[in-house]
Amino acid sequence: MPVLSPAPARIDADLYGDLMSPARLATYPRESRSYIRIDISLRAYWHTLFDTCPLLLDLSGPDGASIFHPFMAWARQEKLSFDWTYFLWVYQWLAQSEFRDRLSEELLLSMMTASAARWLGYDRNVDDLGVVIGTPLIDAVVVGWKMDSVYCGLNQVERLEFEEPLPAPDGLFGYFFTPSLRLGHFPGWRPIPR
């Protein structure tokens, strides 16, 4: 029986260390199963990031490599998860990268909006009906609301400004959940989970 792949890895678990290191992809033969497996995984994260926030391509160029590759290396070092906070961590990395002087409020809001929308798509906790994301960089918050009716097929994310702004979170971002579809209580900011 012919061997299908000359890859050094035999099962996906052997590839975990390389999934967060786009530069390691080049060490695998392009026709190998390992190369294809890693490439598919990386493309999912790439498309999630740049398709959702195309403004990032204005910073990085059309392939996004100058953002994606160093961010993935940093995320691996920091042991970050890529749940609903993925976009917030990318912005956090941008704020300390060579791109920090080119970051706009528009990009910041798009990244916060993307995180709120991602939370809406994944969170199944029935006790939390909204997520509020704040930053000391703007006097507004981004809120993602779950559906309040079976007749509403759209998730809603909005920017809210208050007459009296909330205190700033300690870090670059903070969040809290709301148990109702109204913002009547400020429980304090939580740090963004890893």
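Right above here is the structure, for reference.
Because the structure is predicted, anything quoted here is derived from the model rather than measured. (Residues numbered from 1 in each chain as written. Predicted model: local features only at pLDDT ≥ 70, side-chain atom pairs only at ≥ 80, totals over all residues. Heavy atoms only, no water.)

Student: Can you walk me through the packing of helix α2 (residues 33-52) against helix α4 (residues 65-78) in this structure?
Tutor: Two measures define how a pair of helices packs: the angle their axes make with one another and the distance between the axes. Where α2 meets α4, the closest approach of the two axes is 11 Å, and the angle between their N-to-C directions is 120 degrees. α4 is crossed by α2, and the crossing has right-handed handedness. In contact with Leu42, Tyr45, Trp46, Leu49 and Phe50 of α2, α4 contributes Ile67, Phe68 and Met72. Per-class residue counts for the contact of α2 with α4 are eight nonpolar, no polar and no charged. (Axes fitted to C-alpha atoms, helices over the stretch in contact; angles between N-to-C directions. Helix = DSSP H or I, 4+ residues; strand = E, 2+ residues; numbered from the N terminus. Left-handed = near helix turned anticlockwise from the far one by under 90°. Contact = heavy atoms within 4.5 Å. Nonpolar A, V, L, I, M, F, W, Y, C, P; charged D, E, K, R; others polar.)

Student: Looking at this structure, I do not really get the sheet that holds strand β4 (residues 174-178). What am I missing?
Tutor: The strands that make up a sheet pair up through hydrogen bonds in the backbone, lying either parallel or antiparallel. Strand order in the open sheet formed by five strands is β3-β2-β1-β4-β5, with antiparallel pairing between adjacent strands. In the strand order of this sheet, the two ends are held by β3 (156-160) and β5 (190-191), each with one partner. Pairing analysis gives two bridges linking β4 to β5, with the strands arranged antiparallel. Across the sheet, residue glycine 174 finds its bridge partner in β5, namely proline 191. Each of β1 (130-134), β2 (141-145), β3 and β4 is contacted by helix α6 (residues 105-122), which is oriented at about 25 degrees to β2, the strand it contacts most. (Pairing = 2+ DSSP bridges.)

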